[in-house]
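Summary of structural features
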Amino acid sequence: MSVSITLDAQDIAELLNSEETSPGGSLEDYLRHMMLVYEEGAEQGLFLPSLVCLSECFHCPAVDVYQTLESLREEGYDYYFMGFESPITLWYPARIA
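Structure report, in brief. (Residues numbered from 1 in each chain as written. Predicted model: local features only at pLDDT ≥ 70, side-chain atom pairs only at ≥ 80, totals over all residues. Heavy atoms only, no water.)

**Notes on the overall build of the protein**
Helix and strand counts for the protein stand at five helices and three strands. Secondary structure elements of the protein occur, N-terminal to C-terminal, as α-α-β-α-α-β-β-α. The burial tally for the protein puts 36% of its 97 residues in the buried class. For the protein, the proportion of contacts with a sequence separation of at least 24, taken over those separated by at least 6, is 58%. Summed over all atoms, the accessible surface of the protein reaches about 5,700 Å², with 55% contributed by carbon and sulfur. (Helix = DSSP H or I, 4+ residues; strand = E, 2+ residues; numbered from the N terminus. Buried < 20%, exposed > 50% of the residue type's maximum accessible area, 1.4 Å probe, protein only. Contact = heavy atoms within 4.5 Å. Areas by Shrake-Rupley, 256 points an atom, 1.4 Å probe, with all protein chains shown as cover.)

Structure (structure tokens):
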């Protein structure tokens, strides 16, 4: 399976302050941007930072990150993570099949 490189907190901060997203963007803005990058690419999956990293970057509880990921699942995406500090793997099942 072809996947992207995991982004760390510094990458997120640079992305949030870039011209592509509004400064001080939300977790939802970040994930929407990453989904656009994923949809435009050929990778089967996408690695995202851990729940802990995302919650620290966006100053929100890890449960908020989890609920946001669950909302992506309702849109047809799926995700997997082994622990709060491990990267999140995100994919669109139809792309893998």
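That shown, we press on.
**What to know about helix α4 (residues 62-74)**
In this model α4 runs 19 Å from its N-terminal to its C-terminal C-alpha over 13 residues, within 8% of the 18 Å that 1.5 Å per residue would give. Those residues of α4 lying buried are V65, T68, L69 and L72. Viewed end-on, α4 has its buried residues packed into an arc of 100°, placing them on one side of the element. Looking at the buried positions of α4, the neighbouring elements they touch are α2 (27-40), α3 (51-57), β2 (78-80) and β3 (88-91). G76 sits one or two positions beyond α4 and adopts a positive phi of about 105°. (Expected span 1.5 Å × (residues − 1). Arc of directions from axis to C-beta.)

**Quick word on the packing of α2 against α4**
The geometry of α2 relative to α4 is characterised by a closest axis approach of 11 Å and an angle of 40° between their N-to-C directions. Here α2 is positioned oblique relative to α4, judged by the angle of their axes. Between α2 and α4 lies a crossing whose hand is right-handed. Of the residues in α4, those in contact with L27, E28, L31, R32 and M35 of α2 are D64, V65, T68 and L72. Per-class residue counts for the contact of α2 with α4 are five nonpolar, one polar and three charged. (Axes fitted to C-alpha atoms, helices over the stretch in contact; angles between N-to-C directions. Parallel < 35°, antiparallel > 145°, perpendicular 65-115°, else oblique. Left-handed = near helix turned anticlockwise from the far one by under 90°. Nonpolar A, V, L, I, M, F, W, Y, C, P; charged D, E, K, R; others polar.)

**Points about the side chain of S55**
Its location among the elements puts S55 in helix α3. Classification of S55 as buried rests on a relative accessible area of 11%. Within the structure, the side chain of S55 is placed 2.9 Å from the backbone oxygen of V52, a separation counted as a polar contact. (Polar contact = N/O pair within 3.5 Å; in protein donor to acceptor, adjacent residues only side chain to side chain.)

**Topic: the sheet that holds strand β1 (residues 45-48)**
Spatial strand order, β1-β3-β2: three strands in an open sheet with antiparallel pairing. In the strand order of this sheet, the two ends are held by β1 and β2, each with one partner. Averaged over all neighbouring strand pairs, the angle between strand axes comes to 25°, with direction disregarded. As paired elements, β2 and β3 share three bridges and run antiparallel to each other. Paired with Y79 across the two strands is L90, which belongs to β3. Against the sheet, α2 makes contact with β1 and β3, and its axis sits at roughly 150° relative to β1, the strand it touches most. Against the sheet, α4 contacts β2 and β3, and its axis sits at roughly 140° relative to β2. (Pairing = 2+ DSSP bridges.)

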